[in-house]
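Chain by chain, the residues:
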Amino acid sequence: MTTVRSDDVEFPHSREHDVTSSPNELQRHFERTIEHDHRIEPRDWMPDGYRKTMVRQIAQHAHSEIIGMQPEGNWITRAPSLRRKAILLAKVQDEAGHGLYLYSAAETLGADREDLTVRLIEGRQKYSSIFNYPTLTFADVGVIGWLVDGAAICNQVPLCRSSYGPYARAMIRICKEESFHQRQGYELLMTMMRGTEAQRRMVQDATDRWWWPSLMMFGPPDVESPNTAQSMAWKVKRHTNDELRQRFVDMTVPQAQALGVTLPDPDLRWNPERGHYDFGEIDWAEFKQIISGNGPCNAQRVAARRAAHEGGEWVREAAAAYAAKHTGGRTGPDRHKSTYAASAAVQDRHKSTYGDSGSAA
């Protein structure tokens, strides 16, 4: 294995075909693999542009899962019942697991998890714009489950057929859990809508605030999306941003009617000629402000992630020392595997001492 540099990140580059295959033959083999809907695997030759695209997309997705723990995590200590607290704890834990799956998928492309995290907290990599809005009431928890996780499902189910194998396989479990999260959120809202008038107003207010940011989750319109065409050609994505956005609107309108809330769009109406719902213009100026780091909670979210990363440094150092002790100081992928095994060993010892309900600070 040798390394190649792309956008200031070094990636391992498979040489297994190099002896007998020319660059043109490797490119043709890659293209045929994509054309026949077969998967690209970590040891396969791939163009640098494909590798760079996959690292960018998977890292952004992983960052979004980890940052996405914060808005709802803020309500764990204020949940109105033990049942709601347990549900919320389980969901936030699921999001952490999704982030770990995805960071592992990025590592199969040669990316380093520590480097990806540093890029996030330094503002050199992005995460989903939706998580830069505040959660003002407990109804926001339900609306996030309904709308935000609903949008995520529309976005992510097609990724189960993504051309990069590790990413596609990770998405299968993630989508199953996200589907459960959406049902949890919708159930919470149905319960609140059967409650007091104040609770119903709370649900409507949360819907008003989260509807348009949820539509922005699909990214810029196709005509302004710089990556869509190439991602579609490589079958990283199967649908364009606008196609997925339309699918989400069509899916959500009947759900809103069943729930008894009004979506905050006076232009929203069924178009029998198109067979879809028409909807109003999205405020793309707001979207650009959010992704540029000027949203209501951008600084807060990144600061919390930075504090968690810095506060956990001693755990990573301890795990690395444990791994080095038991592996004779190996480096590279084997060292990473040993470090993760060491972390798991620490967790197992913690459980044996405190039980599954014990928690570490």
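Structure: see above.
Since this is a predicted model, take the numbers as computed values, not measurements.

Quick notes on the packing of aromatic side chains
Working step 1: This model, assessed by the stated rule, comprises 10 aromatic pairs.
Working step 2: With centroids separated by 6.0 Å and ring planes inclined at 70 degrees, the aromatic side chains of Trp-75 and Phe-138 adopt a geometry described as edge-to-face. Taken together, the positions of Trp-75 in the loop between helix H3 (69–73) and helix H4 (82–107) and Phe-138 in the loop between helix H5 (113–121) and helix H6 (139–156) put the pair 63 residues apart, joining distant regions of the chain.
Working step 3: Judged by its relative accessible area of 10%, Trp-75 falls in the buried class.
Working step 4: These aromatic residues form a ring-pair network of at least three members: Phe-30, Trp-45, Tyr-50 and Trp-234.
Working step 5: We note Arg-78 situated over the ring of Trp-75; from NZ or CZ to the ring centre the distance is 3.9 Å.

Topic: the environment of Arg-43
Working step 1: Along the chain, the position of Arg-43 falls in the loop between helix H1 (23–35) and helix H2 (48–67).
Working step 2: By relative accessible area, Arg-43 is classed as exposed at 64%.
Working step 3: For the pair Arg-43 and Leu-109, spaced 66 residues apart in the sequence, the C-alpha separation amounts to 8.9 Å.

Quick look at the nonpolar core
Working step 1: Ranked by size, the top nonpolar core spans 51 residues in total, and within it Trp-146, Trp-210 and Phe-248 carry the most contacts.
Working step 2: Only H4, H5, H6, helix H7 (165–193), helix H8 (197–216), helix H10 (241–259) and helix H11 (284–294) provide two or more residues apiece to this core.
Working step 3: Looking at this core, the element that brings in the most residues is H6, giving 10 residues.
Working step 4: Among residues more than four places away in sequence, those in contact with Trp-146 are Gln-182, Gly-185, Tyr-186, Leu-189, Thr-207, Thr-252, Gln-255, Ala-256, Leu-259, Val-261 and Leu-263.
Working step 5: Counting 29 residues, the second-largest nonpolar core is a separate cluster that includes Leu-26, Tyr-167, Ile-174 and Trp-234.

Some thoughts on the environment of Trp-234
Working step 1: Mapped onto the fold, Trp-234 is located in the loop between helix H9 (228–233) and H10.
Working step 2: Taking the relative accessible area as the measure of exposure, Trp-234 reaches 14% and is therefore buried.
Working step 3: When the C-alpha atoms of Trp-234 and Glu-35 are compared, they prove to be 8.6 Å apart, with 199 residues separating the residues in sequence.
Working step 4: Residue contacts for Trp-234: discarding those within four places in its chain leaves Phe-30, Ile-34, Gly-49, Tyr-50, Thr-53 and Ser-163.

Some words on H4
The α-helix winds at 3.6 residues per turn, so residues separated by three or four positions along the chain end up facing the same way.
Working step 1: Its 26 residues place the ends of H4 38 Å apart at the C-alpha level, agreeing with the 38 Å of an ideal helix rising 1.5 Å per residue.
Working step 2: Every buried residue belonging to H4 is among Arg-84, Leu-88, Lys-91, Val-92, Glu-95, Gly-97, His-98, Gly-99, Leu-102, Tyr-103, Ala-105 and Ala-106, and all of these are buried.
Working step 3: On its buried face, H4 sits against H2, H3, H5, H6 and H7.

Description of the environment of His-38
Working step 1: Here His-38 is to be found in the loop between H1 and H2.
Working step 2: Remark: the alpha-carbon pair of His-38 and Tyr-164, spanning 126 residues in sequence, is separated by 8.9 Å.
Working step 3: Not counting residues within four places of it along the chain, the set of residues in contact with His-38 comprises Thr-33 and Ser-163.

Quick word on H1
Working step 1: Its 13 residues give H1 an end-to-end C-alpha distance of 18 Å, which sits within 8% of 18 Å, the value for a rise of 1.5 Å per residue.
Working step 2: Here the buried face of H1 lies against H2 and H9.
Working step 3: One or two residues past the end of H1 sits Asp-37, with phi positive at roughly 60 degrees.

What counts as what
- Residues numbered from 1 in each chain as written.
- Predicted model: local features only at pLDDT ≥ 70, side-chain atom pairs only at ≥ 80, totals over all residues.
- Heavy atoms only, no water.
- Phe/Tyr/Trp six-rings, centres within 6.5 Å; stacked < 30°, edge-to-face > 60°.
- Helix = DSSP H or I, 4+ residues; strand = E, 2+ residues; numbered from the N terminus.
- Buried < 20%, exposed > 50% of the residue type's maximum accessible area, 1.4 Å probe, protein only.
- Lys NZ or Arg CZ within 6 Å of the ring centre and 35° of its normal.
- Core = buried A, V, L, I, M, F, W, Y, C linked by side-chain atoms within 4.5 Å.
- Contact = heavy atoms within 4.5 Å.
- Expected span 1.5 Å × (residues − 1).

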